[in-house]
Amino acid sequence: MTLLKLINTWTIYLFFTSFAGQLLAKEYWIVPPSLPGEQCSEQSCFCNKINACSLSNALLKNLKPGDSVIFSKGTYPAITINKVHGTAENPIIFNGSFSVGKAEVSLNPKNQLDLIEIKQSSHITLTGFSVHHSPRAGIRVNNSHNILIKNNKLTNNGVWGIFTNHSNYFTATSNTIIGPAEQHGIYHSNSGDNVNINANFITDFNGCGVHINGDFSMGGALKVKGDGIISNVVISNNYFSGNGSVGGSAINLDGVVDGNVQQNIMISNKAAAVSIFKGDGAIGSSNINVIDNLIIMAKGSKWAVNIKNSGGGNFFTNNIMIMPDSFRGIYDILPVDLKSSNKHMPFLAKNNFYGYGRNFITLNDKYYLPLEAWQRNYKNDLNSTKILYKDVISNKGKLSEPLAKLVKEKKIAVLNPYLFLLQ
């Protein structure tokens, strides 16, 4: 057989294998335990739309790649999805009836810590659920890989909105995640690589909007090395507001290598907007690109950006950053070799717009500089600009007309869901 025929035969085989998998995929319909429903047995689970089932371990064991589990409108007890595996071509979908909040998970008769837990599973999509009043996490992803959390609504959960541990290829997109809670909106931890956090609405958490932590001390698990480093992180097109009442940033990066933070809106966060540092991670976060973000800090907040014990290689460009504080400004940086110009500076910046009071940057927590001195002494941010303070916020709490025009012209992070910020 020629090489070309072999390739064509293999291509046809892959196509029909995938197509056959889709044809064999089943839909299982679920009703709340308060309603009468079939109990799925080990031998058979019909569970169709007309004759729906209550969720059971037997049904979960029957699931095959490409299957869908569709939850009818109603209130459900805590859900554990354990050792359930789809494939990249045919993930298994758990669907809360196609729109946020029709299937509500809020009952907890067995006093589980997390109301939805995905455990030792792979290629799972969880979409359309409303989850609230969990003792700990609304949704936990526990040593599971290739998990997509999409279009869910999480409110008033105890510690976190979404929590992951030891999990690679994690995606959270288009979720509404609202506090208050003890800690963070999304907490991704324990060395899990390849993270995509996109288009989420995250507000009013005591800690961070998103906290990503290498957690070197927690070691490894199935398919996770436990190196304390989280590689390949994208945080984009999210809206963060009102986070950090007890400390923590809208976006906190500890032990992260190779990350993009772009086109996010961060409004009225109470501590910092972006922190790039080393805490529990094995190394300081490095190679983080912060691009096209709109940041307007709350009055009385900390510095907008913290870069502390970073691994370097961080880059800030095309951002608008506003600090309405008379003393604190934009960057809080340490350690810095003050004698070496910018040769060992942990970040480079260009083409940003800054609004601040007295101080633009603090170095080593004791040297304070305005933008002009920073540009002159350290040859950094040379083409960045200070915005007049009166051009920042209107009396209505929205962006002032000059700043709104600037945002529109530069197309910085103003997406359709957030146009209410503009006058």
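A brief look at the structure comes next. All values derive from a computational prediction rather than experimental measurement.

**Concerning the state of the cysteines**
For step 1, the next point in the chain: Evaluated as defined, the whole model comprises 1 disulfide.
For step 2, the next point in the chain: For Cys-47, the disulfide goes to Cys-53, at an S-S distance of 1.7 Å. Negative torsions about the S-S bond denote left-handed disulfides, and the value of about -90 degrees found for Cys-47 with Cys-53 makes this one left-handed.
For step 3, the next point in the chain: With relative accessibility at 0%, the residue Cys-53 sits in the buried group.

**Section: the pattern of salt bridges**
For step 1, the next point in the chain: With the rule as written, the count across this model stands at 5 salt bridges.
For step 2, the next point in the chain: The partner of Arg-136 in a salt bridge is Asp-114, and the shortest N-O contact between them spans 2.8 Å. With Arg-136 in the loop between strand S11 (129–132) and strand S12 (137–142) and Asp-114 in the loop between strand S8 (103–107) and strand S9 (116–119), the pair connects residues that are 22 residues apart, well separated along the chain.
For step 3, the next point in the chain: Salt bridges here are not isolated pairs; linked through shared partners, they connect Asp-114, Glu-117, Arg-136 and Arg-140.

**Focus: the packing of aromatic side chains**
In this description, an aromatic ring pair is defined by two values, namely the gap between the centres and the angle between the planes.
For step 1, the next point in the chain: A complete count under the given rule lists 18 aromatic pairs for this structure.
For step 2, the next point in the chain: With centroids separated by 4.6 Å and ring planes inclined at 35 degrees, the aromatic side chains of Tyr-331 and Phe-347 adopt a geometry described as tilted. With Tyr-331 in strand S33 (residues 331–334) and Phe-347 in strand S34 (residues 347–350), this pair connects stretches of sequence that are 16 residues apart.
For step 3, the next point in the chain: Taking relative accessible area as the criterion, Tyr-331 reaches 0% and is therefore assigned buried.
For step 4, the next point in the chain: What makes Phe-347 buried here is its relative accessible area of 1%.

**Some words on the environment of Ile-149**
For step 1, the next point in the chain: Secondary-structure assignment places Ile-149 in strand S13 (residues 145–150).
For step 2, the next point in the chain: Considering only alpha carbons, one finds Ile-149 and Asn-175, 26 residues apart in sequence, at a separation of 7.7 Å.
For step 3, the next point in the chain: Not counting residues within four places of it along the chain, the set of residues in contact with Ile-149 comprises Ile-118, Leu-126, Ile-139, Val-141, Ile-162, Phe-170, Thr-171, Ala-172, Thr-173 and Asn-175.

**Some thoughts on unusual backbone geometry**
For step 1, the next point in the chain: The peptide bond linking Gly-179 to Pro-180 adopts the cis configuration, its omega dihedral lying at 5 degrees.
For step 2, the next point in the chain: One can find Pro-180 in the loop between strand S17 (176–178) and strand S18 (186–189).
For step 3, the next point in the chain: With an omega dihedral of -10 degrees, the bond running from Leu-334 to Pro-335 counts as a cis peptide bond.
For step 4, the next point in the chain: If you trace the backbone, Pro-335 turns up in the loop between S33 and S34.

**Concerning the nonpolar core**
For step 1, the next point in the chain: Judged by nonpolar contacts, the single largest core of 85 residues is most densely connected at Leu-59, Phe-94, Phe-129, Ile-212, Phe-316, Tyr-331 and Phe-347.
For step 2, the next point in the chain: Ranked by residues supplied to this core, first place goes to helix H3 (residues 371–378) with 4 residues.
For step 3, the next point in the chain: Apart from residues no more than four positions distant in its own chain, Phe-94 is found in contact with Leu-60, Leu-63, Val-69, Phe-71, Ile-81, Ile-124, Thr-125, Leu-126, Thr-127 and Phe-129.

**Topic: the side chain of Asn-213**
For step 1, the next point in the chain: Considering the arrangement of structural elements, one finds Asn-213 in strand S21 (residues 210–213).
For step 2, the next point in the chain: Side chain to side chain, Asn-213 and Tyr-187 meet in a polar contact 3.4 Å long.
For step 3, the next point in the chain: Polar side-chain contacts of Asn-213 include one of 3.0 Å to the backbone nitrogen of Asp-215.
For step 4, the next point in the chain: Leave out the neighbours within four places in its chain, and Asn-213 touches Tyr-187, His-188, Ser-189, Asn-190, Ser-191, Ile-230, Asp-254, Asp-280 and Gly-281.

**A look at H3**
Residues that lie three or four places apart on an α-helix share one face, since the helix turns once every 3.6 residues.
For step 1, the next point in the chain: Residues Leu-371, Ala-373, Trp-374, Gln-375 and Tyr-378 constitute the buried set of H3.
For step 2, the next point in the chain: Residues of H3 that are buried in the fold lie against S34, strand S35 (353–355), strand S36 (361–363), strand S37 (367–369) and strand S38 (385–386).
For step 3, the next point in the chain: Trailing H3 by a residue or two, Lys-379 shows a phi angle of about 55 degrees, which is positive.

Reading the values: rules and limits
Per chain, residue numbering runs from 1 following the sequence as it is written. Given that the model is predicted, a residue must reach a pLDDT of at least 70 before its local features are reported, and side-chain atom pairs must reach 80 or more before they are shown or counted; all residues, however, enter totals for whole chains, interfaces and linings. Excluding hydrogens and water, the side-chain values take into account all heavy atoms of the structure. Throughout, disulfides are identified as pairs of cysteine sulfur atoms within 2.5 Å of each other. Whether a residue is buried, partly exposed or exposed follows from its accessible area with a 1.4 Å probe, protein chains only, as a fraction of its type maximum: under 20%, in between, or over 50%, in that order. Whenever a carboxyl oxygen of Asp or Glu lies within 4 Å of a side-chain nitrogen of Lys or Arg, that contact is scored as a salt bridge. Going along the chain from the N terminus, every DSSP run of H or I of four or more residues is numbered as a helix, and every run of E of two or more is numbered as a strand. Aromatic pairing here means that ring centres of Phe, Tyr or Trp (its six-membered ring) are within 6.5 Å. Orientation follows from the plane angle: under 30 degrees is stacked, over 60 is edge-to-face, and everything else is tilted. Residue contacts follow a heavy-atom distance rule, with two residues in contact if any of their heavy atoms lie within 4.5 Å. Definition used in this section: a nonpolar core is a set of buried Ala, Val, Leu, Ile, Met, Phe, Trp, Tyr and Cys residues joined via side-chain atoms within 4.5 Å. Residues adjacent in sequence count toward polar contacts only when both atoms are side-chain atoms; beyond that, a polar contact is any pair of N or O atoms within 3.5 Å, and within protein one must be able to donate a hydrogen and the other to accept it.

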